[in-house]
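Given next are the chains, with one letter for each unit.
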Amino acid sequence: MLGRMKTSYTFEITTESRSQLLAVTDQVREATRRSGVDEGFCVVYVPHTTAGVLINENADPDVAADVLSYFERLVPRSPSFRHAEGNSDAHIKAILTGSSVSIPIGKGEPALGTWQGVFFAEFDGPRSRRFTVTCIASGA
Amino acid sequence: MLGRMKTSYTFEITTESRSQLLAVTDQVREATRRSGVDEGFCVVYVPHTTAGVLINENADPDVAADVLSYFERLVPRSPSFRHAEGNSDAHIKAILTGSSVSIPIGKGEPALGTWQGVFFAEFDGPRSRRFTVTCIASGA
Amino acid sequence: MLGRMKTSYTFEITTESRSQLLAVTDQVREATRRSGVDEGFCVVYVPHTTAGVLINENADPDVAADVLSYFERLVPRSPSFRHAEGNSDAHIKAILTGSSVSIPIGKGEPALGTWQGVFFAEFDGPRSRRFTVTCIASGA
């Protein structure tokens, strides 16, 4: 149909600690450019259940540190959880951040705000992980 | 326009307790297949204000139990809330989980991770509820 | 390509307090109508890092008041945060609400539920802010 180009790209990453916000903005830009989509948006999707994806400040690394320390306090590794793997806190943190973000594309680039970056949110690492970026052109 | 097929499907469900995570992965798969979309993604949308939708582990039911017990502790039914219906906690839980999830479609199937399932998140049941799955093909 | 119409619209708003839920449903409806999309969905996107977007009840304003007072208790302005601007709580609240919402479009209108409205969620105002609505037609 319409000779569509490939528009979904998968990236592999390795996280380095139990909780980590890993910047993946470069990969989102790369997928957007390769897709050829000029106007539309992309969906960044994480296929794991103890990791998520979020958008926030990419300038001061103290923000990421504050976010992670807050999440640790908000969802402690409680012994009252039933799930035998002992990582229910990571499942809950992944739910609170979410499995996907949608970002508009304008003039062939993700239309992130000035201070925005995209972060893979690891809550049960270190591990090998992956995520996909799917791009789609808008139009009536 | 291009003789488009029907691509949005509405499902009706009945929840059985005040808080419940109800698996709806089968309905998401069914809508994806019927849409005829081969590559793209789908949006699962909940049109209620005291229920949401989330993606998480579909293997061990203890995870869902841990998630629900955590949400109960995080957002108790506080008498200090002003909303006269007394269900402000359910509105807040719905905001924390969100009203929609976006899932890539590859080879005609939702590209969920190995352990991922889609769950309707009820926070003010039991009730009759509904949700929609809208599928869209990617492309430049 | 198909003579596509303009499908992404940016709106400017001004918030009036540090934390505020500002109804933007009218703007979402306006963008949807102008896009000419009949069936599909729209993405409402906030390009800031201390504000988000959410869907919840638009009928009783007490719900918005309860949501904001809950978020203040959940994420206090802690002196233990490291980020020097002193607004880490706003970054965290923006992550918990999210930067985008996706809403189905049916018969040329956003298919919001009966009680649903779309709200710009300000957590570090008052400020001049903006958001975009990108519409896309579904189809195989």
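The numbering scheme is per chain: residues are counted from 1 as the chain's sequence reads. Just so you know, chain letters begin at A and ligand numbers begin at 1, following the order they were written in. Side-chain atom pairs in this predicted model are given and counted only at pLDDT of 80 or more, local residue features only at pLDDT of at least 70, and totals for whole chains, interfaces and linings cover all residues. Each side-chain value is worked out from all heavy atoms of the structure, with water and hydrogens disregarded.

Thoughts on empty space enclosed by the protein
In this approach a probe as big as a water molecule rolls over the atoms, and the regions it shows empty are the leftover space.
Logical step 1: The distinction between a cavity and a pocket rests on a 1 Å grid over the protein atoms alone: a 1.4 Å probe fits inside a cavity but cannot get out, while a pocket stays open yet meets protein on both sides within 12 Å along at least five of seven lines, and a residue with an atom within 4 Å of a point counts as lining. Grid points are joined across faces, edges and corners, and a volume is the space filled by probe spheres set on the points. Summed over all chains, the structure comprises three cavities of 30 Å³ or more.
Logical step 2: Contributing to the lining of the largest cavity are 36 residues, with Thr97(A), Ser100(A), Ser100(B), Thr97(C) and Ser100(C) lying nearest its centre.

Some thoughts on the interface of chain A and chain B
Logical step 1: Taken together, the contact between chain A and chain B spans 36 residues of the former and 33 residues of the latter.
Logical step 2: Together chain A and chain B conceal approximately 2,800 Å² of surface at their shared face, both sides included; 61% is due to carbon and sulfur atoms.
Logical step 3: In this description, buried area is defined as the sum, over both parts, of the accessible area (probe of 1.4 Å) that is lost when the two are combined. Three residues, Tyr45(A), Ile95(A) and Ile136(A), lead the burial of chain A against chain B; their summed loss comes to 22% of the area buried on that side.
Logical step 4: Each salt bridge in this description consists of a side-chain nitrogen of Lys or Arg and a carboxyl oxygen of Asp or Glu lying within 4 Å of one another. On inspection of chain A and its partner chain B, the count reaches one salt bridge.
Logical step 5: Notably, a salt bridge pairs Asp62(B) with Arg82(A), separated by 3.2 Å at the nearest N-O pair.
Logical step 6: Polar contacts, as used here, are pairs of N or O atoms within 3.5 Å; protein pairs need one atom able to donate a hydrogen and one able to accept it. Residues neighboring in sequence count only if both atoms are side-chain atoms. Our count for the contact surface shared by chain A and chain B stands at 13 residue pairs in polar contact (both at pLDDT 80 or more).
Logical step 7: Helix and strand assignments come from DSSP, with helices taken as H or I runs of at least 4 residues and strands as E runs of at least 2, each series counted from the N terminus. If you list the elements that add at least two residues to the side of chain A that touches chain B, you get strand 3 (40-45), helix 3 (88-97), strand 5 (100-106) and strand 8 (128-137) of chain A. In this description, contact between two residues means that some pair of their heavy atoms is separated by no more than 4.5 Å.

Thoughts on helix 3 (residues 88-97) of chain B
Each α-helix winds once per 3.6 residues, and so residues spaced three or four apart point in a common direction.
Logical step 1: With 10 of its 10 residues buried, helix 3 of chain B lies for the most part within the structure.
Logical step 2: Exposure classes here rest on a 1.4 Å probe applied to the protein chains alone. A residue is buried below 20% of its type maximum, exposed above 50%, and partly exposed in between. Of the positions making up helix 3 of chain B, those classed as buried are Ser88(B), Asp89(B), Ala90(B), His91(B), Ile92(B), Lys93(B), Ala94(B), Ile95(B), Leu96(B) and Thr97(B).
Logical step 3: Those residues of helix 3 of chain B that are buried lie in contact with helix 3 of chain A, strand 4 (51-57) and helix 2 (61-74) of chain B together with strand 4 (51-57), helix 2 (61-74) and helix 3 (88-97) of chain C.
Logical step 4: Taken from the residues just after helix 3 of chain B, Gly98(B) is the one with a positive phi, measuring 100°.

Focus on the packing of aromatic side chains
Logical step 1: Two aromatic rings from Phe, Tyr or Trp, using only the six-membered ring of Trp, form a pair when their centres are within 6.5 Å; if the ring planes differ by under 30 degrees the pair is stacked, by over 60 it is edge-to-face, and anything between is tilted. With the rule as written, the count across this model stands at 15 aromatic pairs over all chains.
Logical step 2: Residues Phe11(A) and Phe131(A) carry aromatic rings whose centres are separated by 5.4 Å and whose planes lie at 25° to one another, so their mutual orientation is stacked. You can see Phe11(A) sitting in strand 1 (residues 8-14) and its partner Phe131(A) sitting in strand 8, a full 120 residues away along the chain.
Logical step 3: The buried category is assigned to Phe11(A), whose relative accessible area is 11%.
Logical step 4: Note on Phe131(A): relative accessible area 1%, which makes it buried.
Logical step 5: Pairing Phe41(B) with Phe41(C) gives two aromatic rings, centres 6.0 Å apart and planes at 65°, and the pair type is edge-to-face.

Topic: the relation of the copies chain A and chain C
Logical step 1: Screw-axis analysis of chain A against chain C gives a translation of 0.0 Å along the axis, an RMSD of 0.0 Å, and a rotation angle of 120°. Here the symmetry operator amounts to a three-fold rotation axis. Taking the C-alpha atom as reference, chain A places Leu96(A) closest to the rotation axis, 3.6 Å from it. To superpose the copies, least squares is applied to the C-alpha atoms of every residue with a pLDDT of at least 70 in both.

Observations concerning the pattern of salt bridges
Logical step 1: For the coordinates displayed, the defined rule picks out 30 salt bridges over all chains.
Logical step 2: For Asp89(C), the salt bridge goes to Arg18(C), with nearest N and O atoms at 2.9 Å. Linking Asp89(C) in helix 3 with Arg18(C) in the loop between strand 1 (8-14) and strand 2 (20-23), this pair joins segments that are 71 residues apart in sequence. Considered together, Asp89(C) and Arg18(C) belong to a single accessibility category, that of buried residues.
Logical step 3: Salt-bridge contacts for Arg34(C) lead to Glu30(C); the nearest nitrogen and oxygen are separated by 3.0 Å. Separated by four residues within a single helix, Arg34(C) and Glu30(C) lie in helix 1 (residues 25-35), roughly one turn from each other.
Logical step 4: Look at the salt bridges and you will find they share partners, linking Arg18(A), Glu72(A), Asp89(A), Lys93(A), Asp124(A) and Arg127(A) into a network.

Comments concerning the environment of Gly125(A)
All names here are of chain A.
Logical step 1: As for its position among the elements, Gly125 is in the loop between strand 7 (116-122) and strand 8.
Logical step 2: Sequence spacing of Gly125 and Thr14 is 111 residues, and the spatial spacing of their C-alpha atoms is 8.8 Å.
Logical step 3: Other than its neighbours up to four places away in sequence, Gly125 contacts Thr15, Ser17 and Arg18.

Overview of the sheet that holds strand 1 (residues 8-14) of chain B
Residues and elements named next belong to chain B.
Logical step 1: Spatial ordering of the open sheet is given by 1-8-3-5-6, a layout of five strands whose pairing is antiparallel. Two strands close off the open sheet at either side, each with one partner strand: strand 1 and strand 6 (109-110).
Logical step 2: Where strand 1 meets strand 8 (residues 128-137), seven bridges bridge the pair, whose relative direction is antiparallel. Its bridge partner being in strand 8, Thr10 is matched across the sheet by Thr132.
Logical step 3: As a rule, the C-alpha atoms of each element are fitted with a line to give its axis, helices using only the stretch in contact, and angles between N-to-C directions run from 0 to 180 degrees. Its contacts with the sheet place helix 1 (residues 25-35) against strand 1, strand 3 (40-45), strand 5 (100-106), strand 6 and strand 8, and it is angled at close to 160° to strand 1. For two strands to pair, DSSP has to find at least two bridges joining them.

Let's talk about the relation of the copies chain A and chain B
Logical step 1: Between the two copies, chain A and chain B, the superposition gives an RMSD of 0.0 Å; the rotation angle is 120° and the shift along the axis is 0.0 Å.
Logical step 2: Interface residue correspondence from chain A to chain B reaches only 19%, placing this contact among heterologous pairings that use different surfaces.

Topic: helix 1 of chain C
Residue and element names in this part refer to chain C.
Logical step 1: Among the residues making up helix 1, those that are buried are Thr25, Gln27, Val28, Ala31, Thr32 and Ser35. Viewed along the axis of helix 1, the buried residues span an arc of 165°, placing them on a single side of the element. What points out from helix 1, more than 90 degrees from its buried face, is the exposed set Asp26 and Arg33.
Logical step 2: Backbone geometry just downstream of helix 1 places Gly36 in the positive-phi region, at approximately 75°. Summarising the geometry, the arc corresponds to the directions from the helix axis toward the C-beta atoms.

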